[in-house]
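# What the coordinates show
What follows is the residue order along each chain.
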Amino acid sequence: MPTETAENTQMAAAYPTREQYERWKDHADEFDMSVSGFIASMVEAGMKKIDPDVEPDKTNEELREQRDDLKSELDSARERISKLEDRLYRSDSAEIHRFVERNPGCSFEDIKTHLRESVPERANEHLEVMEGESVEVHNDAYYPLESVQQEGQR
């Protein structure tokens, strides 16, 4: 920066907070500069890093499309989580938990009996969920879906 003289300078006012001014003054002292010289140098340095012709990375349309895609992914993930939670709720562990809640102090034998007696009902619920996802039915017989079977062979 050229030397500051009355002929080549112009007064410019700024109204920083007291904290800002003290911070600027401390930095100016570290660089053995006047506060006004420090401010002018920092403004020049800051302007070198700013490109006034910055173009946004994406248009509003692209951002909307991206948002819509992400929302669709989120909705799909939420649906999948919900299905998994439903399956968990219908699992043997969940059934045992519900049985113990309804029958505090029950024995191991009571739990085994309940599980044996409720297998047909729970199996039916599981098969309903699995049908079309991992198994298919032909003439009242269950078979793995071809795509599931092919994935298992990889």
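Criteria and thresholds
- Residues numbered from 1 in each chain as written.
- Predicted model: local features only at pLDDT ≥ 70, side-chain atom pairs only at ≥ 80, totals over all residues.
- Heavy atoms only, no water.
- Helix = DSSP H or I, 4+ residues; strand = E, 2+ residues; numbered from the N terminus.
- Buried < 20%, exposed > 50% of the residue type's maximum accessible area, 1.4 Å probe, protein only.
- Contact = heavy atoms within 4.5 Å.
- Areas by Shrake-Rupley, 256 points an atom, 1.4 Å probe, with all protein chains shown as cover.
- Polar contact = N/O pair within 3.5 Å; in protein donor to acceptor, adjacent residues only side chain to side chain.
- Salt bridge = Lys/Arg side-chain N within 4 Å of Asp/Glu carboxyl O.
- Axes fitted to C-alpha atoms, helices over the stretch in contact; angles between N-to-C directions.
- Parallel < 35°, antiparallel > 145°, perpendicular 65-115°, else oblique.
- Nonpolar A, V, L, I, M, F, W, Y, C, P; charged D, E, K, R; others polar.
- pLDDT = per-residue confidence, 0-100.
- Pairing = 2+ DSSP bridges.
- Arc of directions from axis to C-beta.
- Patch = residues over 30% accessible without salt bridge, like charges linked within 9 Å, V, L, I, M, F, W, Y side chains within 5 Å.
- Lys, Arg positive; Asp, Glu negative; His and termini not counted.
- Charge placed at Lys NZ, Arg CZ, Asp CG, Glu CD.

### Remarks on the overall build of the protein
Looking only at helices and strands, the protein features six helices and two strands. In the protein, the succession of helices and strands from N to C terminus is α-α-α-α-α-β-β-α. Across the 154 residues in the protein, those meeting the buried criterion constitute 12%. Considering only contacts within the protein whose residues lie at least 6 apart along the sequence, 23% involve residues at least 24 apart. For the protein, the accessible surface area stands at approximately 13,400 Å², while carbon and sulfur atoms represent 52% of it.

### Thoughts on the side chain of Glu95
Summarising the element assignment, Glu95 is placed in helix α4 (residues 92-102). Among the polar contacts made by the side chain of Glu95, one reaches the side chain of His114 at a distance of 2.6 Å. When sequence neighbours within four positions are dropped, the list of residues in contact with Glu95 reads Arg102, His114, Leu115, Ser118 and Arg122.

### Overview of the pattern of salt bridges
Once the charged atoms of two side chains with opposite charge are near each other, the side chains can pair. Here the structure, examined in full by the defined rule, presents seven salt bridges. Across the pair Glu95 and Arg98 runs a salt bridge, and its minimum N-O distance is 2.7 Å. Of the two residues, Glu95 and Arg98 both sit in helix α4, three residues apart, roughly one turn of that helix. Each of the two residues, Glu95 as well as Arg98, counts as buried. Linking Lys112 and Glu109 is a salt bridge whose minimum nitrogen-to-oxygen distance equals 3.1 Å. A residue pair is termed a helical-turn pair when its members lie 3 or 4 positions apart in one helix, as Lys112 and Glu109 do in helix α5 (residues 108-130) at three residues. Residue classification places Lys112 among the partly exposed residues on the basis of a relative accessible area of 31%. A single network of salt bridges, built from pairs that share partners, joins Glu95, Arg98 and Arg102.

### Considerations on the packing of helix α1 (residues 18-30) against helix α2 (residues 35-48)
Relative orientation of the contacting elements α1 and α2 amounts to 95 degrees, with a least axis distance of 9 Å. As far as their axial angle goes, α2 and α1 are roughly perpendicular. Facing Tyr21, Trp24, Lys25, His27 and Ala28 of α1, the residues of α2 in contact are Val35, Phe38 and Ile39. Along the lines of polarity and charge, the residues of the contact of α1 with α2 split into six nonpolar, one polar and one charged.

### Remarks on the confidence of the model for the protein
Averaged over every residue, the pLDDT of the protein is 84; the share at 70 or more is 86%. Taking the mean pLDDT of every element in the protein, the minimum, 56, falls on helix α6 (residues 146-153) and the maximum, 93, on α1.

### Focus on the pairing of strand β1 (residues 135-138)
Here β1 runs beside strand β2 (residues 141-144); their pairing, made up of four bridges, is antiparallel. Residue pairing across strands places Val137 opposite Tyr142, the latter belonging to β2. Hairpin connection of β1 to β2: two residues between the antiparallel strands, including Asn139 at a positive phi of 55 degrees.

### Considerations on α4
Listed in full, the buried residues belonging to α4 are Ala94, Glu95, Arg98 and Phe99. Burial along α4 is one-sided: seen end-on, the buried residues are contained in an arc of 135 degrees. In α4, the exposed positions angled more than 90 degrees off the buried face are occupied by Ser93 and Glu101.

### A word on a negative patch on the surface
Taken together, the side chains of Glu61, Glu62, Glu65, Asp69 and Glu73 present a region of like negative charge at the surface. Take Glu61: it is sitting in helix α3 (residues 60-89).

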